[in-house]
Amino acid sequence: MLGRINHIAIAVPDLARATATYRDVLGARVSQPQALPEHGVSVVFVELDNTKVELLEPLGADSPIRSFLEKAPTGGMHHICYEVEDILAARDRLKASGLRVLGDGNPKIGAHGKPVLFLHPKDLDGTLVEIEEV
Ligand SMILES: CC[C@@H](C(=O)O)C(=O)SCCNC(=O)CCNC(=O)[C@H](O)C(C)(C)COP(=O)(O)OP(=O)(O)OC[C@H]1O[C@@H](n2cnc3c(N)ncnc32)[C@H](O)[C@@H]1OP(=O)(O)O
Ligand SMILES: [Co+2]
């Protein structure tokens, strides 16, 4: 079911500072910041040859990453995103296996304009997993 790693996400307390570090110190190509109110985050992508790193900063009071950053105020690895060919088929198979799909179970449109879903970290060895249809 799983294809490539689409991105690895890092929650950061200060998106501008993290972006500057990746661009100016680590010498990486970075995207413009994007505010995604429907996801409660602002995001910058670090573009690598083989994958992307997604830098996430909370946006709004109900941001899903706010409590994560309260527990880890300096930031930390937040989720890994795998590509799937058919997100509804993947969702139904995962649910049938007992994994909890977060939210209302319907895909949202993610940062790349493609449908995404999240799986509960307690069902995947403590790692929040995002799947994205490509
Ligand atoms: C940019 C758009 C999109 C894209 O296209 O790429 C994105 O990536 S959006 C990214 C942000 N969106 C999401 O994360 C949506 C899914 N997340 C959630 O629904 C929630 O964050 C959550 C996973 C259900 C956690 O909710 P929270 O309110 O933080 O609940 P708790 O604090 O009670 O956590 C419960 C439990 O889970 C542990 N936890 C929480 N987050 C993570 C994590 N990222 N990785 C591993 N474990 C996590 C948390 O520590 C709690 O454990 P215990 O303390 O042992 O109970
Ligand atoms: Co993501």
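Residues numbered from 1 in each chain as written. Chains lettered and ligands numbered in written order. Predicted model: local features only at pLDDT ≥ 70, side-chain atom pairs only at ≥ 80, totals over all residues. Heavy atoms only, no water.

A. Representation of the overall build of the protein within the structure. On a plain count of helices and strands, the protein comes out with three helices and nine strands. Taken from N to C terminus, the helices and strands of the protein fall in the order β-α-β-β-β-β-α-β-α-β-β-β. In terms of C-alpha radius of gyration, the protein reaches 15 Å, essentially the compact-globule figure of 14 Å for 134 residues. For the protein, the spread of C-alpha atoms along the three principal axes comes to 45 × 30 × 25 Å. Counting the 134 residues in the protein, one finds 38% classified as buried. Intrachain contacts of the protein at a sequence separation of at least 6 include 54% that bridge at least 24 residues. (Helix = DSSP H or I, 4+ residues; strand = E, 2+ residues; numbered from the N terminus. Rg over C-alpha atoms; globule rule 2.2 N^0.38 Å. Buried < 20%, exposed > 50% of the residue type's maximum accessible area, 1.4 Å probe, protein only. Contact = heavy atoms within 4.5 Å.)

B. Molecular detail of the coordination of the cobalt ion (ligand 2). Donor atoms from the polypeptide that coordinate the cobalt ion (ligand 2) comprise His7 (NE2), Glu54 (OE), His79 (NE2) and Glu130 (OE), at 2.1 to 2.4 Å from the metal. In this structure, the cobalt ion (ligand 2) is surrounded by six donor atoms whose angles at the metal cover 73 to 168°, and the resulting shape is octahedral. Along the chain, the residues donating to the cobalt ion (ligand 2) fall in the pattern H-x46-E-x24-H-x50-E. One end of the pair, histidine 79, is in strand 6 (residues 76-84); the other, glutamate 130, is in strand 9 (residues 128-133), with 51 residues separating them in the sequence. (Donors = N, O, S within 2.8 Å, 3.2 Å for Na, K, Ca; no water. Tetrahedral: all angles 85-135°; square planar, octahedral: opposite > 155°, others 65-115°.)

C. Geometry of the pattern of salt bridges. In the structure shown here, the tally under the stated rule is four salt bridges. A salt bridge links arginine 91 to aspartate 92, with the nearest nitrogen and oxygen atoms 3.0 Å apart. (Salt bridge = Lys/Arg side-chain N within 4 Å of Asp/Glu carboxyl O.)

D. Representation of the site of ligand 1 within the structure. Neighbouring ligand 1 are 22 residues; Glu54, Ser67, His78, Ala111 and Lys122 lie closest to it. Within the contact set of ligand 1, an oxygen atom lies 3.0 Å away from a backbone nitrogen or oxygen of proline 64. Histidine 79 is positioned with one of its side-chain polar atoms (N or O) 3.1 Å from an oxygen atom of ligand 1. With the chains in place, 70% of the 1100 Å² that ligand 1 exposes on its own is no longer accessible. The set of elements that each furnish at least two residues to the shell around ligand 1 consists of strand 5 (52-58), helix 2 (66-71), strand 6 and strand 9. Tallying contributions element by element places helix 2 first for the shell around ligand 1, with three residues. (Near = heavy atom within 4 Å. Polar contact = N/O pair within 3.5 Å; in protein donor to acceptor, adjacent residues only side chain to side chain. Areas by Shrake-Rupley, 256 points an atom, 1.4 Å probe, with all protein chains shown as cover.)

E. Structural context of the side chain of histidine 79. Histidine 79 gets classed as buried once you look at its relative accessible area, which sits at 4%. Side-chain polar atoms of histidine 79 contact the side chain of histidine 7, separated by 3.4 Å. Among the polar contacts made by the side chain of histidine 79, one reaches the side chain of glutamate 130 at a distance of 2.8 Å. In this structure, histidine 79 is in contact with His7, Ile8, Ala9, Glu54, Leu56, Phe118, Leu128 and Glu130, ignoring residues within four places of it in sequence.

F. Up close: the UniProt feature "domain: VOC" (unreviewed entry) in the protein. Under the UniProt annotation, "domain: VOC" (unreviewed entry) lies at residues 4-134. Split by type, residues 4-134 is 21% helix and 37% strand. Its first and last C-alpha atoms lie 10 Å apart. (UniProt positions renumbered as here; feature names shortened; annotations may be inferred.)

G. The arrangement of helix 1 (residues 15-25) in detail. Residues Leu15, Ala18 and Thr19 constitute the buried set of helix 1. End-on, the buried residues of helix 1 take up no more than an arc of 100°, which puts them together on one face. Exposed and facing more than 90 degrees away from the buried side of helix 1 are Ala16, Arg17, Asp24 and Val25. Looking at the buried residues of helix 1, the elements they touch are strand 2 (29-30), strand 4 (41-47) and strand 5. Positive phi shows up at glycine 27, right after helix 1, with a value of about 70°. (Arc of directions from axis to C-beta.)

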